[in-house]
2 protein chains.
Amino acid sequence: MPLEIKPSQALKLWRQVHLDLVRDHDADLSARQTAILLTVYLELPPHTVRGLAKQLGVTKPVITRALDTLGKLGLLTRKRDEADRRNVVIQRTVAGALAVERLADLVTEHAREIGGS
Amino acid sequence: MPLEIKPSQALKLWRQVHLDLVRDHDADLSARQTAILLTVYLELPPHTVRGLAKQLGVTKPVITRALDTLGKLGLLTRKRDEADRRNVVIQRTVAGALAVERLADLVTEHAREIGGS
DNA sequence: CGATAATGATACGGGTCCGTAACGATCGGG
DNA sequence: CCCGATCGTTACGGACCCGTATCATTATCG
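The following paragraphs examine the structure supplied in this document.

Reading guide: rules and limits
Residues numbered from 1 in each chain as written. Chains lettered and ligands numbered in written order. Predicted model: local features only at pLDDT ≥ 70, side-chain atom pairs only at ≥ 80, totals over all residues. Heavy atoms only, no water. Helix = DSSP H or I, 4+ residues; strand = E, 2+ residues; numbered from the N terminus. Buried < 20%, exposed > 50% of the residue type's maximum accessible area, 1.4 Å probe, protein only. Contact = heavy atoms within 4.5 Å. Areas by Shrake-Rupley, 256 points an atom, 1.4 Å probe, with all protein chains shown as cover. Expected span 1.5 Å × (residues − 1). Near = heavy atom within 4 Å. Polar contact = N/O pair within 3.5 Å; in protein donor to acceptor, adjacent residues only side chain to side chain. Axes fitted to C-alpha atoms, helices over the stretch in contact; angles between N-to-C directions. Parallel < 35°, antiparallel > 145°, perpendicular 65-115°, else oblique. Left-handed = near helix turned anticlockwise from the far one by under 90°. 1 Å grid on protein atoms, 1.4 Å probe; cavity = no way out; pocket = protein on both sides within 12 Å on 5 of 7 lines; lining within 4 Å. Points joined across faces, edges and corners; volume = space filled by probe spheres on them. Nonpolar A, V, L, I, M, F, W, Y, C, P; charged D, E, K, R; others polar. Patch = residues over 30% accessible without salt bridge, like charges linked within 9 Å, V, L, I, M, F, W, Y side chains within 5 Å. Salt bridge = Lys/Arg side-chain N within 4 Å of Asp/Glu carboxyl O. Lys, Arg positive; Asp, Glu negative; His and termini not counted. Charge placed at Lys NZ, Arg CZ, Asp CG, Glu CD. Least-squares fit on C-alpha atoms with pLDDT ≥ 70 in both.

### Here's the deal with the overall build of chain A
(1) Moving on: Along chain A, the regular secondary structure elements total five helices and two strands.
(2) Moving on: Helices and strands appear in chain A in the N-to-C order α-α-α-α-β-β-α.
(3) Moving on: By principal-axis analysis of the C-alpha atoms, chain A measures approximately 55 × 35 × 25 Å.
(4) Moving on: Counting over 117 residues, chain A shows a buried share of 42%.
(5) Moving on: Sequence separation of 24 or more characterises 53% of the internal contacts of chain A that already satisfy a separation of 6 or more.
(6) Moving on: Of the accessible surface of chain A, which amounts to about 6500 Å², a share of 53% is contributed by carbon and sulfur atoms.

### Describing helix H2 (residues 31-42) of chain A
(1) Moving on: Across its twelve residues, H2 of chain A extends 16 Å between first and last C-alpha, which sits within 8% of the 16 Å expected from 1.5 Å per residue.
(2) Moving on: Of all twelve residues that make up H2 of chain A, nine are buried, and the element is covered over most of its length.
(3) Moving on: Of all the residues in H2 of chain A, the buried ones are Gln 33, Thr 34, Ala 35, Ile 36, Leu 37, Leu 38, Thr 39, Val 40 and Tyr 41 of chain A.
(4) Moving on: Against the buried residues of H2 of chain A lie helix H3 (49-56), helix H4 (60-72), strand S1 (76-80), strand S2 (88-92) and helix H5 (94-114) of chain A together with helix H1 (7-23) of chain B.

### Quick word on the protein's contact with DNA strand D
(1) Moving on: The environment of DNA strand D is made up of 21 residues, and the closest members are Arg 50, Lys 60 and Arg 78 of chain A together with Arg 32 and Gln 33 of chain B.
(2) Moving on: At the protein interface, 74% of the atoms of DNA strand D within 4 Å belong to sugar or phosphate.
(3) Moving on: Measuring from a phosphate oxygen of DNA strand D, one finds a backbone N or O atom of Arg 50 of chain A at 2.8 Å.
(4) Moving on: One of the side-chain nitrogen or oxygen atoms of Arg 86 of chain A is found 3.5 Å away from a base oxygen of DNA strand D.

### Side note on the side chain of His 18 of chain A
(1) Moving on: Mapped onto the fold, His 18 of chain A is located in helix H1 (residues 7-23).
(2) Moving on: You can call His 18 of chain A buried: its relative accessible area is 5%.
(3) Moving on: Non-local contacts of His 18 of chain A, meaning those with residues more than four positions away in its chain, are made with Trp 14, Ala 31, Thr 34 and Ala 35 of chain B.

### Quick look at the packing of H2 of chain A against H3 of chain A
Residue and element names in this part refer to chain A.
(1) Moving on: As a packed pair, H2 and H3 sit with axes 11 Å apart at the nearest point and diverge in direction by 120 degrees. Taken together, H2 and H3 sit at an angle that is classed as oblique. Helix-helix and strand crossings are classified by hand; for H2 and H3 the assignment is right-handed. Where H2 approaches H3, its residues Arg 32, Ala 35, Ile 36, Thr 39 and Val 40 are matched on the opposing element by Leu 52, Gln 55 and Leu 56.

### Digging into the layout of surface pockets
(1) Moving on: Each pocket or cavity is described by its volume, and for the largest pocket that value is around 1100 Å³.
(2) Moving on: Along the walls of the largest pocket sit 45 residues, with His 18 and Ala 31 of chain A together with His 18, Leu 29 and Ala 31 of chain B positioned nearest its centre.
(3) Moving on: Breaking the lining of the largest pocket down by element, the ones donating at least two residues are H1, H2 and H5 of chain A together with H1, helix H2 (31-42) and helix H5 (94-114) of chain B.
(4) Moving on: Across the lining of the largest pocket, the residue classes break down as 27 nonpolar, seven polar and eleven charged.

### Things to note about the protein's contact with DNA strand C
(1) Moving on: Within the structure, DNA strand C sits among 20 residues, and Arg 32 and Gln 33 of chain A together with Arg 50, Lys 60 and Thr 64 of chain B are positioned closest to it.
(2) Moving on: Near-protein atoms of DNA strand C (within 4 Å) split between backbone and bases, with sugar and phosphate holding 70%.
(3) Moving on: At 2.8 Å, a backbone N or O of Arg 50 of chain B approaches a phosphate oxygen of DNA strand C.
(4) Moving on: Those elements that provide at least two residues to the surface near DNA strand C are H2 and H4 of chain A together with helix H3 (49-56) and helix H4 (60-72) of chain B.
(5) Moving on: A per-element tally of the surface near DNA strand C places H4 of chain A first, with four residues.

### Brief notes about a negative patch on the surface
Residue and element names in this part refer to chain A.
(1) Moving on: A cluster of acidic residues, Glu 101, Asp 105, Glu 109 and Glu 113, forms a negative patch on the protein surface.
(2) Moving on: Here Glu 109 lies in helix H5.
(3) Moving on: What makes Glu 109 partly exposed here is its relative accessible area of 39%.

### Notes on the relation of the copies chain B and chain A
(1) Moving on: The two copies are related by a screw motion: chain B maps onto chain A through a turn of 180 degrees and a shift of 0.0 Å along the axis, at an RMSD of 0.1 Å. Read as a symmetry element, the transformation amounts to a two-fold axis. When C-alpha positions in chain B are compared against the rotation axis, the closest is assigned to Ser 30 of chain B, at 3.1 Å.
(2) Moving on: Comparing contact sets, 100% of the residues at the interface of chain B also lie at the interface in chain A, consistent with an isologous, same-surface contact.

Structure representation (C-alpha coordinates):
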(Lines give C-alpha, C1' and ligand atoms only; values in the text may rest on other atoms or scores of the structure.)
Protein backbone atom coordinates (compact mmCIF):
# COMPACT_ATOMS: atom_id res chain seq x y z
CA MET A 1 0.00 0.00 0.00
CA PRO A 2 1.94 2.99 -1.32
CA LEU A 3 2.10 6.33 0.42
CA GLU A 4 -0.25 8.45 -1.65
CA ILE A 5 0.80 12.00 -2.20
CA LYS A 6 -0.04 14.29 -5.06
CA PRO A 7 2.54 16.57 -6.72
CA SER A 8 0.80 19.69 -5.46
CA GLN A 9 0.82 18.33 -1.93
CA ALA A 10 4.45 17.36 -2.25
CA LEU A 11 5.37 20.91 -3.19
CA LYS A 12 3.38 22.46 -0.35
CA LEU A 13 4.97 20.07 2.10
CA TRP A 14 8.45 20.76 0.76
CA ARG A 15 7.92 24.49 0.98
CA GLN A 16 6.48 24.54 4.47
CA VAL A 17 9.25 22.42 5.91
CA HIS A 18 11.91 24.49 4.19
CA LEU A 19 10.33 27.67 5.48
CA ASP A 20 10.57 26.29 8.99
CA LEU A 21 14.17 25.20 8.46
CA VAL A 22 15.12 28.63 7.18
CA ARG A 23 13.37 30.43 9.99
CA ASP A 24 15.00 28.18 12.57
CA HIS A 25 18.39 29.81 12.32
CA ASP A 26 20.16 27.06 14.25
CA ALA A 27 19.92 24.13 11.92
CA ASP A 28 20.82 25.32 8.47
CA LEU A 29 22.28 22.14 7.08
CA SER A 30 23.12 21.84 3.42
CA ALA A 31 21.54 19.15 1.29
CA ARG A 32 24.70 17.11 1.56
CA GLN A 33 24.88 17.38 5.30
CA THR A 34 21.23 16.41 5.58
CA ALA A 35 21.73 13.41 3.35
CA ILE A 36 24.71 12.27 5.40
CA LEU A 37 22.96 12.77 8.72
CA LEU A 38 19.88 10.84 7.67
CA THR A 39 21.89 8.07 6.10
CA VAL A 40 23.83 7.53 9.30
CA TYR A 41 20.67 7.52 11.38
CA LEU A 42 18.52 5.42 9.08
CA GLU A 43 20.89 2.87 7.62
CA LEU A 44 22.59 0.09 9.51
CA PRO A 45 26.12 0.71 10.80
CA PRO A 46 28.95 0.70 10.28
CA HIS A 47 29.33 3.92 8.27
CA THR A 48 32.64 4.94 6.78
CA VAL A 49 33.82 7.96 4.87
CA ARG A 50 34.31 6.03 1.68
CA GLY A 51 30.92 4.32 2.00
CA LEU A 52 29.09 7.60 2.44
CA ALA A 53 31.04 9.15 -0.44
CA LYS A 54 29.96 6.32 -2.69
CA GLN A 55 26.33 6.47 -1.61
CA LEU A 56 26.12 10.22 -2.16
CA GLY A 57 28.15 10.20 -5.33
CA VAL A 58 30.66 12.76 -4.05
CA THR A 59 34.35 12.77 -3.25
CA LYS A 60 35.84 11.84 0.09
CA PRO A 61 36.91 15.35 1.11
CA VAL A 62 33.30 16.42 0.86
CA ILE A 63 32.38 13.80 3.43
CA THR A 64 35.30 14.69 5.66
CA ARG A 65 34.31 18.34 5.68
CA ALA A 66 30.66 17.57 6.27
CA LEU A 67 31.64 15.36 9.19
CA ASP A 68 33.75 18.20 10.57
CA THR A 69 30.72 20.46 10.53
CA LEU A 70 28.25 17.88 11.81
CA GLY A 71 30.73 16.91 14.48
CA LYS A 72 31.16 20.52 15.55
CA LEU A 73 27.39 20.71 15.88
CA GLY A 74 27.48 17.59 18.02
CA LEU A 75 25.22 15.64 15.70
CA LEU A 76 27.78 12.95 14.90
CA THR A 77 31.11 11.58 16.12
CA ARG A 78 34.03 9.84 14.52
CA LYS A 79 35.92 6.90 15.95
CA ARG A 80 38.93 5.08 14.64
CA ASP A 81 38.16 1.47 13.73
CA GLU A 82 40.48 -0.56 15.96
CA ALA A 83 40.20 -3.63 13.77
CA ASP A 84 41.49 -1.73 10.74
CA ARG A 85 42.99 1.51 11.87
CA ARG A 86 42.74 3.02 8.41
CA ASN A 87 38.98 3.19 8.75
CA VAL A 88 36.93 5.73 10.59
CA VAL A 89 33.52 4.76 11.93
CA ILE A 90 30.84 7.41 12.07
CA GLN A 91 28.66 7.12 15.14
CA ARG A 92 25.38 8.61 16.27
CA THR A 93 24.94 10.97 19.20
CA VAL A 94 22.07 11.87 21.45
CA ALA A 95 21.90 15.39 20.01
CA GLY A 96 21.90 13.99 16.49
CA ALA A 97 19.09 11.60 17.27
CA LEU A 98 17.08 14.47 18.71
CA ALA A 99 17.70 16.60 15.64
CA VAL A 100 16.58 13.80 13.35
CA GLU A 101 13.51 13.24 15.46
CA ARG A 102 12.71 16.92 15.33
CA LEU A 103 12.96 16.88 11.55
CA ALA A 104 10.63 13.90 11.38
CA ASP A 105 8.09 15.69 13.54
CA LEU A 106 8.40 18.78 11.37
CA VAL A 107 7.61 16.87 8.20
CA THR A 108 4.84 14.85 9.82
CA GLU A 109 3.24 17.92 11.31
CA HIS A 110 3.17 19.83 8.04
CA ALA A 111 1.87 16.79 6.21
CA ARG A 112 -1.06 16.71 8.58
CA GLU A 113 -1.73 20.41 8.06
CA ILE A 114 -1.72 20.15 4.31
CA GLY A 115 -4.48 17.62 4.27
CA GLY A 116 -5.26 14.88 1.80
CA SER A 117 -7.41 14.99 -1.32
CA MET B 1 -8.85 14.39 5.63
CA PRO B 2 -5.22 14.88 6.66
CA LEU B 3 -2.28 13.52 4.75
CA GLU B 4 -1.21 10.59 6.87
CA ILE B 5 2.51 10.08 7.15
CA LYS B 6 4.44 8.46 9.97
CA PRO B 7 7.70 9.90 11.33
CA SER B 8 9.70 6.94 10.06
CA GLN B 9 8.22 7.39 6.61
CA ALA B 10 8.90 11.10 6.70
CA LEU B 11 12.56 10.48 7.40
CA LYS B 12 12.92 7.89 4.67
CA LEU B 13 11.26 10.23 2.22
CA TRP B 14 13.42 13.15 3.28
CA ARG B 15 16.56 11.09 2.92
CA GLN B 16 15.75 9.61 -0.45
CA VAL B 17 14.88 12.95 -2.00
CA HIS B 18 18.00 14.57 -0.57
CA LEU B 19 20.11 11.74 -1.88
CA ASP B 20 18.72 12.37 -5.34
CA LEU B 21 19.26 16.10 -5.02
CA VAL B 22 22.86 15.61 -3.97
CA ARG B 23 23.55 13.12 -6.72
CA ASP B 24 22.04 15.44 -9.30
CA HIS B 25 24.95 17.84 -9.36
CA ASP B 26 23.06 20.51 -11.29
CA ALA B 27 20.47 21.64 -8.81
CA ASP B 28 22.20 22.10 -5.49
CA LEU B 29 20.03 24.82 -4.06
CA SER B 30 20.35 25.89 -0.46
CA ALA B 31 17.41 25.70 1.89
CA ARG B 32 16.82 29.40 1.48
CA GLN B 33 16.90 29.27 -2.28
CA THR B 34 14.50 26.36 -2.24
CA ALA B 35 12.14 28.17 0.06
CA ILE B 36 12.20 31.24 -2.16
CA LEU B 37 11.69 29.29 -5.35
CA LEU B 38 8.74 27.36 -3.99
CA THR B 39 7.17 30.43 -2.46
CA VAL B 40 7.26 32.25 -5.77
CA TYR B 41 5.80 29.29 -7.61
CA LEU B 42 3.15 28.34 -5.06
CA GLU B 43 1.93 31.64 -3.66
CA LEU B 44 0.00 34.25 -5.57
CA PRO B 45 1.93 37.11 -7.15
CA PRO B 46 3.16 39.70 -6.85
CA HIS B 47 6.36 38.80 -5.03
CA THR B 48 8.78 41.45 -3.84
CA VAL B 49 12.15 41.32 -2.15
CA ARG B 50 10.69 42.83 0.96
CA GLY B 51 7.79 40.41 1.08
CA LEU B 52 9.99 37.38 0.66
CA ALA B 53 12.41 38.62 3.30
CA LYS B 54 9.56 38.95 5.74
CA GLN B 55 8.10 35.55 4.96
CA LEU B 56 11.44 33.80 5.34
CA GLY B 57 12.49 35.80 8.36
CA VAL B 58 15.76 36.92 6.78
CA THR B 59 17.26 40.23 5.70
CA LYS B 60 16.81 41.80 2.30
CA PRO B 61 20.36 41.23 1.06
CA VAL B 62 19.83 37.52 1.54
CA ILE B 63 16.90 37.67 -0.84
CA THR B 64 18.76 39.84 -3.33
CA ARG B 65 21.67 37.43 -3.43
CA ALA B 66 19.43 34.40 -3.69
CA LEU B 67 17.61 36.06 -6.58
CA ASP B 68 20.96 36.72 -8.23
CA THR B 69 21.77 33.04 -8.08
CA LEU B 70 18.32 31.80 -9.04
CA GLY B 71 18.28 34.31 -11.87
CA LYS B 72 21.65 33.14 -13.10
CA LEU B 73 20.24 29.62 -13.13
CA GLY B 74 17.30 30.88 -15.17
CA LEU B 75 14.75 29.78 -12.59
CA LEU B 76 13.42 33.27 -11.89
CA THR B 77 13.50 36.79 -13.29
CA ARG B 78 13.25 40.26 -11.84
CA LYS B 79 11.26 43.09 -13.30
CA ARG B 80 10.89 46.65 -12.16
CA ASP B 81 7.37 47.49 -11.07
CA GLU B 82 6.28 50.29 -13.38
CA ALA B 83 3.55 51.39 -11.02
CA ASP B 84 6.02 51.93 -8.17
CA ARG B 85 9.51 51.92 -9.56
CA ARG B 86 11.02 51.26 -6.15
CA ASN B 87 9.63 47.76 -6.21
CA VAL B 88 10.99 44.75 -8.02
CA VAL B 89 8.59 42.04 -9.03
CA ILE B 90 9.88 38.48 -9.06
CA GLN B 91 8.50 36.49 -11.95
CA ARG B 92 8.41 32.83 -12.88
CA THR B 93 10.17 31.31 -15.85
CA VAL B 94 9.63 28.21 -17.93
CA ALA B 95 12.85 26.67 -16.64
CA GLY B 96 11.81 27.43 -13.08
CA ALA B 97 8.43 25.85 -13.53
CA LEU B 98 10.08 22.74 -14.95
CA ALA B 99 12.49 22.56 -12.01
CA VAL B 100 9.63 22.84 -9.53
CA GLU B 101 7.69 20.20 -11.39
CA ARG B 102 10.72 17.92 -11.35
CA LEU B 103 11.03 18.35 -7.60
CA ALA B 104 7.37 17.51 -7.15
CA ASP B 105 7.80 14.36 -9.20
CA LEU B 106 10.86 13.43 -7.19
CA VAL B 107 9.01 13.69 -3.89
CA THR B 108 5.91 11.96 -5.23
CA GLU B 109 7.92 9.15 -6.73
CA HIS B 110 9.86 8.42 -3.56
CA ALA B 111 6.69 8.61 -1.50
CA ARG B 112 5.22 5.88 -3.65
CA GLU B 113 8.34 3.75 -3.26
CA ILE B 114 8.35 4.06 0.50
CA GLY B 115 4.89 2.64 0.86
CA GLY B 116 2.31 3.19 3.54
CA SER B 117 1.68 1.18 6.67
C1' DC C 1 9.10 72.14 -4.02
C1' DG C 2 11.71 69.88 -0.09
C1' DA C 3 12.13 66.65 3.60
C1' DT C 4 11.24 62.08 4.86
C1' DA C 5 10.38 57.33 4.15
C1' DA C 6 10.77 53.13 1.69
C1' DT C 7 12.76 49.84 -1.64
C1' DG C 8 16.20 47.07 -3.57
C1' DA C 9 21.16 46.86 -4.46
C1' DT C 10 25.93 47.14 -3.09
C1' DA C 11 30.50 47.22 -0.14
C1' DC C 12 32.95 44.97 3.10
C1' DG C 13 35.08 41.66 6.19
C1' DG C 14 34.58 37.07 7.52
C1' DG C 15 33.23 32.43 7.18
C1' DT C 16 32.14 27.99 4.73
C1' DC C 17 32.31 24.95 1.05
C1' DC C 18 34.00 23.24 -3.33
C1' DG C 19 37.23 20.04 -6.45
C1' DT C 20 41.82 18.57 -7.37
C1' DA C 21 45.89 17.03 -5.74
C1' DA C 22 48.85 15.60 -2.47
C1' DC C 23 49.86 13.58 2.14
C1' DG C 24 50.68 10.37 6.32
C1' DA C 25 49.06 6.23 8.37
C1' DT C 26 47.85 1.55 7.90
C1' DC C 27 47.12 -2.91 5.92
C1' DG C 28 48.23 -6.97 3.07
C1' DG C 29 50.52 -9.90 -0.39
C1' DG C 30 54.80 -11.52 -2.39
C1' DC D 1 60.32 -7.45 5.33
C1' DC D 2 58.88 -4.15 1.81
C1' DC D 3 56.24 -2.26 -1.71
C1' DG D 4 51.88 -1.28 -3.51
C1' DA D 5 47.12 -0.39 -2.37
C1' DT D 6 43.71 1.69 0.59
C1' DC D 7 41.85 4.93 3.93
C1' DG D 8 40.87 9.38 5.76
C1' DT D 9 42.76 13.97 6.06
C1' DT D 10 44.87 18.19 4.71
C1' DA D 11 46.55 22.01 1.40
C1' DC D 12 45.32 25.15 -1.90
C1' DG D 13 43.04 28.44 -4.85
C1' DG D 14 38.59 29.87 -5.96
C1' DA D 15 33.66 30.52 -5.50
C1' DC D 16 29.71 31.43 -2.82
C1' DC D 17 27.07 33.14 1.15
C1' DC D 18 26.46 35.62 5.44
C1' DG D 19 25.14 40.02 8.38
C1' DT D 20 25.74 44.88 8.98
C1' DA D 21 25.98 49.14 7.21
C1' DT D 22 25.41 52.11 3.52
C1' DC D 23 23.92 53.53 -1.12
C1' DA D 24 21.01 55.38 -5.13
C1' DT D 25 16.47 55.62 -6.70
C1' DT D 26 11.79 56.51 -6.17
C1' DA D 27 7.55 57.75 -3.84
C1' DT D 28 4.87 60.40 -0.44
C1' DC D 29 3.20 64.20 1.87
C1' DG D 30 3.34 68.60 4.19
